[in-house]
Amino acid sequence: MLGSAEFRKDYGVDLAYVAGAMYKGIASSDLVIRMGRANLLSFLGTGGMTLAQIERELDRIQGELGPTQAFGANLLANLDDPRLEMATVELLLKANVVNVEAAAFTQISDGVVWYRFKGARWGADGEPAVRRRLIAKVSRAEIAESFLRPAPPAVVERLRAAGRLSAEEAEVALRAPVASDICVEADSGGHTDRGVLIVLLPCILRLRDRVCRAQGYAKSVRVGAAGGIGAPESAAAAFLMGADFVLTGSINQCTVEAGTSDAVKDLLQRVALGDTAYAPAGDMFELGARVQVVGRGLLFAPRANELYELYRRHSSLDEIDPQVRRRIEERYLCRSFAEVWDETRSYFERSNPARLREMERSPKAKMAAIFRWYFVHSTRLALRGSAQQKTDYQVQCGPAMAAFNEWVKGTPYESWRSRHVDSIAVLLMRGAEDHMRRAQRDEREEARL
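These notes cover the structure that comes with them. (Residues numbered from 1 in each chain as written. Predicted model: local features only at pLDDT ≥ 70, side-chain atom pairs only at ≥ 80, totals over all residues. Heavy atoms only, no water.)

**Digging into the sheet that holds strand S9 (residues 190-191)**
Judged by pairing direction, the sheet is antiparallel, and its 3 strands sit side by side in the order S9-S13-S12 without closing on themselves. Two strands close off the open sheet at either side, each with one partner strand: S9 and strand S12 (276-280). Where helix H12 (residues 300-313) meets the sheet, its contacts fall on S12 and strand S13 (290-294), and the angle it forms with S12 comes to roughly 25°. (Pairing = 2+ DSSP bridges. Helix = DSSP H or I, 4+ residues; strand = E, 2+ residues; numbered from the N terminus. Contact = heavy atoms within 4.5 Å. Axes fitted to C-alpha atoms, helices over the stretch in contact; angles between N-to-C directions.)

See the structure below:
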């Protein structure tokens, strides 16, 4: 009974718990189906997948789940190619996906507004009736506020003029919040601002109350918590602070259903406190954004950080010391810069010719593209469980994984082969409830004495 009863009712689930999206299909269709069959909510990890792959996975999920069983898909901000973001939204609308997790957005995009308000109308009571639910993952107050408010008028007008929103849908978009739910993401696996949940969550809850009151919404926006949720005590703390739901990520990629290699799962089930590190984010390389990854036993983090420092200090590949260049080609990339560029150029010729022309005009942009190849390559190595370059695996992971491993030590769940994503959800939530009951019992006992 923890969390928001309204959340459980709206999504048609048994627990105020979400298994969040993990890119490249690590949050796989198997994972989503398993959660849906248990009447729990999860999101397909569409980031880095082609449109054809997304469509195929959604078809499979919808074929396996019944009409009342919940599921959703991830919508990831795409700074390099906004057209792909819009194409993803078009696919989600076509597939009639009614739940979306929006991640990595720094501003409200056309795609977010299009998805959220397509099909919206005025209800019989004169209030906005918005069918599609959008959970926005945020780690900063200003981004949270933009999702709490109605859509920006300029964005709404562009969509209306393009025929993507009707006049009624556009009107509703100017009155209802962009997000149905906000998920406050503290220090987590993958993209992170290294926020502290006990600081962030109360601030965003107060911001939510202030904005919703000022806007006069008939229905408030719910606020959930993510980042570091790997043990019952952590989930209990989030609910005690006022979270309407909790969202987990890192712990779910070390389950039978996760779409990554057995080699990565073997690695993750041994993660302990202090075993994570920070590295540049491949998809936001030039901006200096960071991701949290497994550090112990792997060389990805120090090598990725070196590549970013070289990019920051130099204007082109020609400025790099020849010995450093040779070491990177031989040890990190296992091929020459020229070979990496040929592969990169071939990819952008097919996917984004305009971006390719920009890179060809700028030696620094070309250098960034070549270095970013390493981030794609390191992810592929991990997903495939490649025996070669095993130390270059990029495995995005937060400290919640260590907390979970410590909690289940000595139990059947110590092995990932006994970990199923729905079982973890129930185990964590029951543990959180038991922890809160014990604390209340101890408090009553102290008061009696």
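**A closer look at helix H9 (residues 197-215)**
Here H9 is 19 residues long and its end C-alpha atoms lie 26 Å apart, about the 27 Å a rise of 1.5 Å per residue gives. Of the residues making up H9, those classed as buried are Leu197, Leu200, Leu201, Ile204, Leu205, Leu207, Arg208, Val211 and Cys212. Looking at the packing, one finds that the buried side of H9 touches helix H6 (141-148), strand S8 (181-185), strand S10 (222-226) and helix H10 (232-240). One or two residues past the end of H9 sits Gly216, with phi positive at roughly 70°. (Expected span 1.5 Å × (residues − 1). Buried < 20%, exposed > 50% of the residue type's maximum accessible area, 1.4 Å probe, protein only.)

**Remarks on H12**
Taking 1.5 Å per residue, 14 residues should reach 20 Å; H12 reaches 20 Å between its end C-alpha atoms and fits that length. Of all the residues in H12, the buried ones are Phe300, Ala301, Arg303, Ala304, Leu307, Tyr308, Leu310 and Tyr311. Buried residues in H12 make contact with S12, S13, helix H13 (322-333) and helix H16 (363-384).

**Quick notes on the nonpolar core**
Within the largest apolar cluster, 107 residues are counted, with the highest numbers of intra-cluster contacts made by Tyr17, Phe147 and Ile182. The biggest single contributor to this core is H9, with 8 residues. What Phe147 contacts, discounting residues up to four positions off in sequence, is Phe105, Ile108, Val112, Leu134, Ala136, Val138, Pro177, Val178, Ala179 and Ile182. Counting residues in each nonpolar core, the second largest holds 36 residues, with Ala281, Ile328, Val340 and Tyr374 among its members. (Core = buried A, V, L, I, M, F, W, Y, C linked by side-chain atoms within 4.5 Å.)

**A look at the state of the cysteines**
Evaluated as defined, the whole model comprises 0 disulfides. Cys254 takes part in no disulfide bond, and the closest cysteine sulfur, belonging to Cys397, lies 8.6 Å away. (Disulfide = S-S within 2.5 Å.)

**Examining the layout of surface pockets**
Taken as a whole, the second largest pocket encloses approximately 430 Å³ of empty space. In terms of lining residues, the second largest pocket is bounded by 21 residues, among which Arg116, Pro128, Val130, Pro177 and Lys219 are the most central. For the lining of the second largest pocket, a count of residues per class yields 9 nonpolar, 4 polar and 8 charged. (1 Å grid on protein atoms, 1.4 Å probe; cavity = no way out; pocket = protein on both sides within 12 Å on 5 of 7 lines; lining within 4 Å. Points joined across faces, edges and corners; volume = space filled by probe spheres on them. Nonpolar A, V, L, I, M, F, W, Y, C, P; charged D, E, K, R; others polar.)

**Topic: the pairing of strand S3 (residues 72-76)**
Where burial is concerned, most of S3 is hidden: 4 out of the 5 residues are buried. Examined bridge by bridge, strand S2 (residues 41-44) and S3 share 2 bridges and lie parallel to one another. By the bridge assignment, Leu44 is partnered in S3 with Ala73. Regarding topology, helix H3 (residues 51-64) serves as the crossover connection from S2 to the parallel S3, and that connection is right-handed. Bridging between S3 and strand S4 (residues 99-103) involves 4 bridges; their strand directions are parallel. What sits directly across from Leu75, in S4, is Ala102. For the crossover from S3 across helix H4 (residues 82-94) to S4, the handedness is right-handed. (Right-handed = clockwise from strand over helix to strand, strands pointing away.)

Scope: geometric values only; no functional claims are made or implied.
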